[in-house]
Amino acid sequence: MRRVLLAAFVTAVWASPLLAQQRGGAVELGELIAGLGVTGRVLMIGAHPDDEDTRMIAYLARGRHVETAYLSLTRGDGGQNLLGNELGEALGVIRTEELLAARRIDGAHQYFTRAYDFGFSKNADEAFRHWPRDSLLGDVVTVVRAFKPHVILSVFSGTPSDGHGQHQVAGILAREVYDAAADSVRFPAAKFGAPWVVSKFYRSSWFARAQATLCFNVGEYSALYGESYAEMAAQSRSQHKSQAMGQIARKGAQDDCVRREATRVAAAEDPKQEKSIFDGIDTTWGRLHDAYADSVAQAIAAAQRAYDAMRPEKIEPMLSGAESILAAILANPRQSPPTSGDARRTVHVARQRIDRVRAIALGLALDATADRDLVASGDSIAGTVTLYNRGRSIVELGGRPPIASDSSSVERLRLSAGRPYTQPWWLATPRVGDLFGVPIDTVAEDQRPTAFSKSATVVASRTAITLSSPVMHRYADPVKGEINHPLAVAPAVSVTFDQQAQYAPANAAIDRELRVQLRSAATSPRTVKVSLQLPKGLTTDSASRTVTLPAYGDVRSVEFRIAGRLPLGAHKIAAVAESNGERFAVGYVPIEYDHIRPQRIYRDATVTVQAVDVKLPPNLTVAYIPGVGDNIAPTLQQLGLNVTVVDPAKLATADLSRYSTVVLGTRAYEASAELVANNSRLLEYVKKGGTMVVQYGQFEMQQPGLMPYPITLSRPADRVTDEESPVGILKPNSPLLSSPNKIAPKDFEGWIQDRTLYMPRTWAPEYQTLLSTHDPNEAPNESAILVAPYGRGAYVYTTLAFFRQLPAGVPGAARLFVNLLGAKGTGQTAVVP
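The residue count restarts for each chain, going from 1 along the sequence in the order it is written. Residues qualify for local features only when their pLDDT is at least 70, as the model is predicted, and side-chain atom pairs are given and counted only at 80 or more; totals for whole chains, interfaces and linings, by contrast, use all residues. Heavy atoms throughout the structure, all of them, feed into the side-chain values; hydrogens and water do not.

(A) The arrangement of the overall build of the chain in detail. Helix and strand assignments come from DSSP, with helices taken as H or I runs of at least 4 residues and strands as E runs of at least 2, each series counted from the N terminus. When you go through the chain residue by residue, the secondary structure sums to 18 helices and 45 strands. With the radius of gyration taken over C-alpha atoms, the globule rule is written as 2.2 Å times the number of residues to the power 0.38. Its C-alpha atoms give the chain a radius of gyration of 30 Å, near enough to 28 Å, the size a compact globule of 833 residues would have. Projecting the C-alpha coordinates of the chain onto the three principal axes gives extents of approximately 90 × 70 × 55 Å. Each of the 833 residues in the chain was classed as buried or not, and the buried ones make up 57%. Within the chain, contacts between residues separated by at least 24 positions form 75% of all contacts whose residues are at least 6 apart in sequence. Each accessible area value is a Shrake-Rupley result obtained with a 1.4 Å probe; residue values ignore everything except the protein chains displayed when judging cover. Counting every atom, the chain has about 32900 Å² of accessible surface; 51% of that belongs to carbon and sulfur. With a 1.4 Å probe rolled over the protein chains alone, any residue whose accessible area is under 20% of its type maximum counts as buried; one over 50% counts as exposed, and the rest are partly exposed. The contact definition used throughout considers only heavy atoms, calling two residues in contact when any of these lie within 4.5 Å.

The structure is reproduced here in structure tokens:
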């Protein structure tokens, strides 16, 4: 084994992989070689992760070798999470990574705008109140000018038929950018990039087949992959696990359809006569330069003929010929101003493909590894860079002795880490309203650099080949096998609270434990002193606590006992850690799931305690069965309630008679088959005198026998998305609205994102209603809370968005939810209204 001096590690180097997924071997090589002559580009535009048509993407990117990208306006921050309890920005991180996991399968690139997903909206006007229209269109223009698509394909129609207002906005902006991308007056090149003329515009006709002008078989079988493009798409779609989008990979013919809406090229006058979305577009090299068109086409054809999967290195001489012609095109492009940059983009992609072909054909690989996956800011870490020559050719590196076949070159280095900490780049600065505060990025998300990357240039057959690799920590899990985590920068001591918001009864005695978590990224143990900064009215059992924090990878908790009383309102508690003369007041929360890359969300080490004027029903004992993205149980405990979290898998044998109230979290039936199987036990519990509070579900709630009396939902479901919408109190004297807390309109102030979700359209007469609410210009809906006696007990069904309000510390939501827990049936002292 030879040791050679490789170039030093660099921070924030664009590794620039050609395709999001690099499979290696004959499969990837065959795909790349087949795509060398393809110069077309297609951009698909939607609103969210999971909006994209993965079948179309896989067909174009894998099947036709078209450079394909998906632009999602948002990162899906406003949705729900079927995997864990992350919501908001943390959920956006998960869904971003799920999109990247999908692109690694279907072969496309991934882009985003700065739009934050603020939640469901009913129309485009509502969505544009959150997203300044010109700002968002400017983002889409910037992406289009960077990617330079010949065809834009909109997922949505831009009309009310799209349902979700954010879907409508995506459809509207997709059509607007078709014209705006070429408008250098409205969108100057200095800010938005050089103007670009999009040749054609299509809309998906997946839900409107009668309007389709072109259909094609996305279920076409690929002998190269041993599966169809629709099967690949199902695997891609199944990466959206936080949204329960798992699919069966079905074999056989499957149509996908589009509708041509605009064209600037001489395509068929009747769009139904088209054979391809590229009809009328010159996708040959002649588009870039007539003089070189035949030469580059012949060089590529020669390379394709020379390809031998068992002896791929034989293709090398033909690739050299093709690359020299590409250089000539780049030096002398035939360009008109509206298509400026077409040659650069097209040649850049071709060169990336050729570089990757060479690396695979010659058996070259570059690995950059580190001893661990975190390095403390200001610290250093050992790294190893290895260049493997696994092929039959001899290669050179930096003028040093040749690297023979079946040998490798290794260099061990130390890497110094600076700031900033490694985190999702779009969260580096605070949001401005519902737009992220960072500038729009023209680099596709799948091509963005990792925190640390290594590049090396080798020479084979007198041709330079650039290899790149992110720096990874690699280890073996006994069950999962090889695990790879990218190297990241973190504070030497990370400081976080378990929660960012807590409740406390106002002006009542507080005596609770507050836990501070410490995580180490340092290379040696540290003595850490932790202290709290408390608001007036609270004291702690210790001014500070000192703990020995072991070296990298370990976590320690420090507990403080706080006591006192807080007046009505919000009060902030902060934690500060001191070690080795440094102060630490921020920390990260890890986000780790098997199907995505690990990420870290940073936040200040603070917790806001919301002191609420709340009274508790007497003698409540609550069994809480969690639902989807559910953080409610801890908030109830903070209010002083006796709450036990019950695993639905244990319902078959659980003694429910111990509890006065059983609560089901949001979409709990959808999340747990065990809960559905044991639902009869819950209804029997109510019959015998228990109280059951069920938070909203989706269409599964219409299943006979799930609820004691039937309900129906409409499609699309009724919901109130304006968190400031008026709420009418229909029965102010109802025990659920008057005891122990008198509910008034002010209790519905300060709510976030939603009022209600999936409200029943009809309900059985046994249910009584308590509230009325509606969005502007809509009829009132009274199904936010449905209450019914059942046997000797009480059954409460609520579609109010408590799962968002309680973890956020909304005072009125806590007062109302506590009242619901105290509902009583006919077998007890009070009667439901």
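(B) Highlighting the side chain of Thr213. Structurally, Thr213 is set in the loop between strand E7 (200-204) and strand E8 (214-217). Judged by its relative accessible area of 12%, Thr213 is buried. With residues near it in sequence (within four places) discarded, Thr213 still touches Val258, Arg259, Arg260, Pro271 and Lys272.

(C) Local environment of the pairing of strand E36 (residues 691-695). Burial within E36 is extensive, with five of its five residues counted as buried. Residues of E36 alternate between two faces, with Thr691, Val693 and Gln695 on one and Met692 and Val694 on the opposite face, all of them buried. Only strands that DSSP links by at least two bridges are regarded as paired with each other. Judged from the four bridges that link them, strand E35 (residues 661-664) and E36 form a sheet pairing that is parallel. Its bridge partner lying in E36, Leu664 is registered against Val694.

(D) Fine view of the confidence of the model for the chain. Averaged over the chain, the pLDDT score is 92; the fraction of residues at 70 or greater is 95%. A low-confidence stretch, residues 1-20 (pLDDT under 50), is modelled with 74 contacts involving residues beyond four sequence positions or located in other chains. On a scale of 0 to 100, pLDDT captures the predictor's confidence in every residue. Taken as a whole, residues 828-833 scores under 50 in pLDDT and shows 18 contacts with residues more than four places along the chain or in a different chain.

(E) Fine view of the pattern of salt bridges. Every case where a carboxyl oxygen of Asp or Glu lies within 4 Å of a side-chain nitrogen of Lys or Arg is listed as a salt bridge. Following the criterion strictly, the structure yields 46 salt bridges and no others. Arg356 is the partner of Glu28 in a salt bridge, and the nearest nitrogen-oxygen pair spans 2.8 Å. One end of the pair, Glu28, is in helix H1 (residues 25-34); the other, Arg356, is in helix H11 (residues 342-361), and 328 residues separate them in sequence. When the shortest N-O distance is used, the salt bridge between Arg515 and Glu559 registers 3.3 Å. Remark: Glu559 occurs in strand E27 (residues 555-564) and Arg515 occurs in strand E23 (residues 510-520); sequence separation between them is 44 residues. Residue class for Glu559 comes out partly exposed when judged on its relative accessible area of 28%.

(F) The arrangement of unusual backbone geometry in detail. The amide bond that connects Arg419 to the next residue, Pro420, takes the cis arrangement and shows omega of 0°. Within the secondary structure layout, Pro420 lies in the loop between strand E16 (407-416) and strand E17 (452-460). With a phi angle near 60°, His65 is a residue other than glycine that sits in the positive phi range. Among the secondary structure elements, His65 is positioned in the loop between helix H2 (54-63) and strand E4 (67-72). For His65, a relative accessible area of 15% puts it in the buried group. In the Ramachandran plot, Asn619 falls in the positive-phi region, its phi being about 60° despite a non-glycine side chain. A relative accessible area of 73% means that Asn619 is categorised as exposed.

(G) Representation of helix H3 (residues 89-106) within the structure. A helix is expected to reach a length of 1.5 Å times the quantity of its residues less one. Compared with the 26 Å implied by 1.5 Å per residue over 18 residues, the 26 Å span of H3 between its first and last C-alpha is a close match. Most of H3 sits out of view: 16 of its 18 residues are buried. In the segment just after H3, Gly107 is the residue with positive phi, at about 90°.

(H) Molecular detail of the sheet that holds strand E44 (residues 785-790). Read across the open sheet, the seven strands follow the order E34-E33-E35-E36-E45-E44-E42; overall the sheet is mixed. The sheet is open, and its two edges are formed by strand E34 (642-645) and strand E42 (768-769), each paired on a single side. Bridging between E36 and strand E45 (residues 793-798) involves five bridges; their strand directions are parallel. Looking at the pairing, Val694 lines up with Tyr797 of E45. Helix axes are fitted only over the stretch in contact, all axes being lines through C-alpha atoms; the angle between N-to-C directions runs from 0 to 180 degrees. Most of the contacts of helix H15 (residues 679-687) go to E45, to which it runs at about 125°, and overall it touches strand E33 (621-625), E35, E36, E44 and E45. Of the strands in this sheet, E33, E35, E36, E44 and E45 touch helix H18 (residues 811-821), which is tilted by about 140° from E36.

(I) Representation of the side chain of Asp117 in the model. Structurally, Asp117 is set in the loop between strand E5 (109-112) and helix H4 (124-130). In this charge count, Lys and Arg are treated as positive and Asp and Glu as negative; neither His nor the chain ends contribute. Put simply, Asp117 is tucked away with no salt bridge, and the nearest opposite charge, on Arg95, sits 5.2 Å away. A distance of 3.0 Å separates the side chain of Asp117 from the backbone nitrogen of Gly119, its partner in a polar contact. Polar contact criterion, stated in full: a pair of N or O atoms within 3.5 Å, where within protein one must be able to donate a hydrogen and the other to accept it, and residues adjacent in sequence count only if both atoms are side-chain atoms. Within polar-contact distance, the side chain of Asp117 engages the side chain of Gln166 at 3.2 Å. Discounting chain neighbours no more than four positions away, the residues touching Asp117 are His48, Thr74, Gly76, Asp77, Gly78, Gly79 and Gln166.

(J) View of the sheet that holds strand E6 (residues 151-154). The seven strands lie next to each other as E5-E4-E3-E6-E7-E11-E8, forming an open sheet whose pairing is mixed. One side of each edge strand has no neighbouring strand; the edge strands of this open sheet are E5 and E8. In this sheet, neighbouring strand axes are inclined to one another by 25° on average, regardless of whether the strands run parallel or antiparallel. Relative to strand E11 (residues 255-263), E8 runs antiparallel, the two being bridged by four bridges. Bridge pairing in E11 places Phe216 opposite Asp256.

(K) Inspection of the environment of Met44 at higher detail. Examined against the element boundaries, Met44 turns out to sit in strand E3 (residues 41-46). Judged by relative accessible area, which is 2%, Met44 ranks as buried. Expressed as a C-alpha distance, the spacing of Met44 and Lys314, which sit 270 residues apart in the sequence, is 37 Å. Setting aside chain neighbours within four positions, we find Met44 in contact with Glu52, Asp53, Met56, Ile57, Ala69, Tyr70, Leu71, Leu153 and Val155.

(L) Fine view of H11. With 20 residues, H11 ought to run about 28 Å at 1.5 Å a step, and its terminal C-alpha atoms sit 28 Å apart, in line with that. Judged by how many residues are buried, H11 sits mostly within the fold: 16 of 20 residues are covered. A positive phi of about 70° marks Gly363, the residue just after H11.

(M) Region of interest: the state of the cysteines. Cysteine sulfur atoms are paired as a disulfide whenever they come within 2.5 Å of each other. Summed over the entire model, instances satisfying the criterion amount to one disulfide. Between the sulfur atoms of Cys215 and its disulfide partner Cys257 the distance amounts to 1.9 Å. One disulfide, between Cys215 and Cys257, carries an S-S torsion of 105° and so falls in the right-handed class. In this pair, Cys215 is assigned in strand E8 and Cys257 in strand E11, connecting sequence segments 42 residues apart. Take Cys215: its relative accessible area is 40%, and that puts it in the partly exposed class. Judged by relative accessible area, Cys257 falls into the buried class, the value being 2%.

(N) Up close: the pairing of E11. Note that E7 and E11 share five bridges and pair antiparallel. Of the residues in E11, the one forming a bridge with Lys200 is Thr263.

(O) Spatial organisation of the nonpolar core. Judged by nonpolar contacts, the single largest core of 78 residues is most densely connected at Leu664, Leu682, Phe802 and Leu816. Discounting residues that sit within four places of it in the chain, Leu682 has contacts with Ile625, Leu651, Leu656, Val662, Leu664, Tyr669, Leu675 and Met692. In terms of nonpolar packing, the next biggest core, distinct from the first, is built from 66 residues, Trp131, Ile172, Trp196 and Met232 among them. We define the nonpolar core as a collection of buried residues of types Ala, Val, Leu, Ile, Met, Phe, Trp, Tyr and Cys that are connected through side-chain atoms lying within 4.5 Å of one another.

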